[in-house]
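# Breakdown of the fold
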Amino acid sequence: KVFAPVTYNRPFRGVVVRTASEKTVMVKVAHRRAQRIYGNFMTTNKLYMCHDEYELCNIGDEIMIQKSKPYRKRKHWKV
């Protein structure tokens, strides 16, 4: 088997689900992973708190997020 190289800082594509906080958006990212035994693809959703410096994102927007320096305890991604 040939495995893809591990990239720790690759961007994720997600959908904005919440913009209530100032300069912060909640982004839902769907990860598709193959099941170990049978190989079926399973989708898992995860929420990320992301920094939106200029507050340009609205609910329902599809955006790219990338790892960055920690802004708060749970917020270390940026739009």
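Before reading on, note that the structure itself is shown above.
This section reports on the structure supplied with the text. (Residues numbered from 1 in each chain as written. Predicted model: local features only at pLDDT ≥ 70, side-chain atom pairs only at ≥ 80, totals over all residues. Heavy atoms only, no water.)

## Brief notes about the nonpolar core
Here is the rule: The definition of a nonpolar core used throughout is a set of buried Ala, Val, Leu, Ile, Met, Phe, Trp, Tyr and Cys residues joined through side-chain atoms within 4.5 Å. Partly exposed describes any residue whose relative accessible area lies between the buried limit of under 20% and the exposed limit of over 50%, with all areas from a 1.4 Å probe on protein chains only and scaled to the type maximum. For the purposes of this entry, the term helix denotes a DSSP run of H or I that reaches at least four residues, the term strand denotes a run of E that reaches at least two, and both are numbered from the N terminus.
Among the nonpolar cores identified, the biggest contains eleven residues, and these are Phe-12, Val-16, Val-25, Val-27, Val-29, Tyr-48, Cys-50, Cys-57, Ile-63, Ile-65 and Trp-77. Among the elements of the structure, strand 1 (12–18), strand 2 (24–34), strand 3 (41–51) and strand 4 (62–67) are those that each provide at least two residues to this core. When residues in this core are grouped by element, the largest group, three residues, is from strand 2.

## What about a positive patch on the surface?
Quick note on the threshold: Only residues whose relative accessible area exceeds 30% and that form no salt bridge enter a patch; like-charged residues are grouped when within 9 Å of one another, and nonpolar side chains (Val, Leu, Ile, Met, Phe, Trp, Tyr) when within 5 Å. Note that accessible areas follow from Shrake-Rupley with a 1.4 Å probe, and for residues the cover is restricted to the protein chains shown. For this analysis, a salt bridge means a side-chain nitrogen from Lys or Arg found within 4 Å of a carboxyl oxygen belonging to Asp or Glu. Counted as positive: Lys and Arg. Counted as negative: Asp and Glu, with His and the chain ends omitted from the count. Every charge is mapped onto a representative atom, which is NZ of Lys, CZ of Arg, CG of Asp or CD of Glu.
On the surface, Arg-10, Arg-33, Lys-46 and Lys-67 cluster together to form a positively charged patch. Tracing the backbone shows Lys-46 in strand 3. By relative accessible area, which is 44% here, Lys-46 ends up partly exposed.

## Re the environment of Met-64
To keep things clear, this is the line we draw: Note on contacts: a residue pair qualifies if any of its non-hydrogen atoms lie within 4.5 Å across the two residues.
Residue position: Met-64 is located in strand 4. On the basis of relative accessibility, which here comes to 37%, the residue Met-64 falls in the partly exposed class. Between the alpha carbons of Met-64 and Thr-44 there is a distance of 18 Å; along the sequence they are 20 residues apart. Setting aside residues no more than four positions away along its own chain, Met-64 makes contact with Pro-11, Phe-12, Arg-13, Lys-78 and Val-79.

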